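Chain and residue survey
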Amino acid sequence: MDNAKSKNRQASTPKPISLKWKWTVGSLVGVFLVFVVFAWFLVQAFSNRMLNTESDDVNRSMTTVARRLERESDRQLNSTDIDNVLRPNQADFNSVVNDPVIHEIARSDYDLIIYDNHGKQVYPEKPTNVAYKPVKKSTISLEKVNHSKQMIGRQPLVNRDGHATGYLVVENRLVSYHKTFTQVFSIIVVSIILGLMLLGLWTYWLSGYFLLPIQDMTKVADRIQKDPNLPERVKVETRHPDELSELADVLNSMLDRMQRFITQQQRFVEDVSHELRTPVAIVKGHMELLNRWGKDDPKILDESIQASLKEMQRMQGLVQEMLDLTRADQVELTFKDGHTDAKEVINSVYHNYELIYPDFKFVLDDTLKSATWLNMSRDHFEQILIILTDNSVKYSQDRKEIHFSASKSGSNLEVAIQDFGEGISSEDAQHVFDRFYRVDKARSRKQGGNGLGLSIAQKLVEGYRGTIALESALGQGTIFRVTLPIQEETD
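Below: a short report on this structure. (Residues numbered from 1 in each chain as written. Predicted model: local features only at pLDDT ≥ 70, side-chain atom pairs only at ≥ 80, totals over all residues. Heavy atoms only, no water.)

1. Comments concerning the overall build of the protein
This is how it is decided: Numbering goes from the N terminus for both helices and strands, where a helix is a DSSP run of H or I of at least four residues and a strand is a run of E of at least two. Burial classification: accessible surface area is computed with a 1.4 Å probe over protein chains only, and a residue below 20% of its type maximum counts as buried, one above 50% as exposed, and the rest as partly exposed. Note on definitions: a residue-residue contact is assigned when non-hydrogen atoms from the two residues lie within 4.5 Å. Each accessible area is a Shrake-Rupley estimate made with a 1.4 Å probe; only the visible protein chains count as cover when residues are assessed.
Tallying secondary structure elements over the protein gives 15 helices and 12 strands in all. Each of the 491 residues in the protein was classed as buried or not, and the buried ones make up 34%. Sequence separation of at least 24 residues holds for 65% of the intrachain contacts in the protein that already meet a minimum separation of 6. Element-wise, carbon and sulfur atoms account for 55% of the exposed surface of the protein, whose accessible area totals about 30500 Å².

2. Re the pairing of strand β9 (residues 401-409)
This is how it is decided: When DSSP locates at least two bridges between a pair of strands, those strands are taken to pair.
With six bridges connecting them, strand β7 (residues 361-366) and β9 associate as parallel partners. Paired with D366 across the bridge in β9 is A406. With eight bridges joining them, β9 and strand β10 (residues 412-419) adopt antiparallel strand pairing. For I402, the partnering residue across the bridge sits in β10 and is D419. Where β9 hands over to β10, the hairpin turn is made up of two residues, of which G410 adopts a positive phi near 65°.

3. Observations regarding the sheet that holds β10
Using the following cut-off: Axis definition: a line fitted to C-alpha atoms, limited for helices to the stretch in contact. Angles are taken between N-to-C directions and run from 0 to 180 degrees.
With mixed pairing, the five strands of this open sheet are ordered in space as β7-β9-β10-β12-β11. What marks the edges here is a single partner per strand, and that holds for β7 and β11 (467-473). Along the sheet, successive strands turn relative to each other by an average axial angle of 15°, direction set aside. Lying over the sheet, helix α11 (residues 342-356) contacts β7, β9 and β10, oriented at roughly 165° with respect to β7.

4. Here we look at the pattern of salt bridges
The condition that has to hold: Here, a salt bridge means any Lys or Arg side-chain nitrogen found within 4 Å of an Asp or Glu carboxyl oxygen.
Tallied over the entire structure, the rule returns 11 salt bridges. Between K226 and D222 there is a salt bridge whose closest N-O contact spans 3.6 Å. Placement of the pair is K226 and D222 together in helix α7 (residues 212-226), with a separation of four residues, close to one helical turn. Taking relative accessible area as the criterion, D222 reaches 34% and is therefore assigned partly exposed. When the shortest N-O distance is used, the salt bridge between E471 and R481 registers 2.9 Å. In this pair, E471 sits in strand β11 while R481 sits in strand β12 (residues 477-485), placing the two residues 10 residues apart along the sequence. Linked through salt bridges whose partners overlap, the residues forming this network are K133, E143 and R154.

5. Structural notes on the sheet that holds strand β5 (residues 164-172)
Spatial ordering of the open sheet is given by β2-β1-β5-β4-β3, a layout of five strands whose pairing is antiparallel. Among the strands making up the open sheet, the edge pair consists of β2 (121-123) and β3 (139-145). Each strand of the sheet is rotated relative to its neighbour by a mean of 35°, with strand direction disregarded. With two bridges connecting them, strand β1 (residues 110-115) and β2 associate as antiparallel partners. When the sheet's bridge partners are listed, I114 is paired in β2 with Y123.

The structure is reproduced here in structure tokens:
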């Protein structure tokens, strides 16, 4: 039922839009807006340039025609006189070709309109749609005529005596301007469309290329989700690192820690089941013995109770040590910061053991001249020293002498704890830091301990970026050397 509901929810959930498409569409929208703004400025500049050229042409035409009318008319203008003035000697080809007035008015998109002083149109005879506006000086303006933008030039006319004879209007329908503008606009639109298409293809490919690391991360995360123990990791770009490379590195570190935690959990369960099996079986055997007939025998009852209590106490110590070991496994994540004076802690542990074991001889060789600070928890540093010292005391039954030494080596602190006990063989020395490993299992059980102390010490030291090493020889004793980085001094 729950699976069916989960499938229904997954089916109803809309498929998310790919980041590749979001990137592509976003880039196209941004570039399109830039193109539009750029094209608008380009069209405006081109339009103004063309309009200025057309205005110059209209002004030149008005000036040329006005001068001809001024020079060759000395009375009130009429249609016949204007035709004679503007089109003289039309039968003479040379006069037509060389006449500047004819050149000015011969353009197909130009119309000349002339009004008399009373505003009556005297040329041409065909009515025009251009409104009559008397002016005192030459003017050029853009006006809408028949729903089309046209350039209208107006200028007053005078004769040779300086008397006003009428008004000249040059109507430029801007046919060339509109045609050129349409062509330019079409070129711009086509260029934008083609540019956006090419840019879209390029952006889509480029975004896919840039997002390849994220796709790799997704695939790796999906496979590890199905099988958390897979060793697969995301490839990190080392030649040209970027933000995605940093993300891949962080993801790999997170996967490493996750798998480390999973391994710790599995190992913890395996260790618990392995180590608790024997004491639980012993307690169960005594309980079954008492349940059958032992409870009526005071001696058997007392022995069973004592044995059960002893095993329960051992189980309690085992569980506590295993919890300490689990915390030590997590020291890198949980206890990153600290401020501990190593000199003070070493001296404190040394004096405490002098008090606890008066039959032992403890020697301290401390070359630290002042406080030496470590970036670690005081409890953890003290726990390391106690574990190593307990181990030395435990295996020093004949020559009861323990030596402590502390010194600086560059930017590191070196601590050594030496005993003169029975020592460890080279074969056993390779495994003393393994969980539950005992050099002499029978003797270790008599002396107590579950083979977890040195594992805890190693995890704590390595968690704080330090090292722990062992030097030992059978019959001569053992030296544990611990190296830890000294905390950098800050102002």
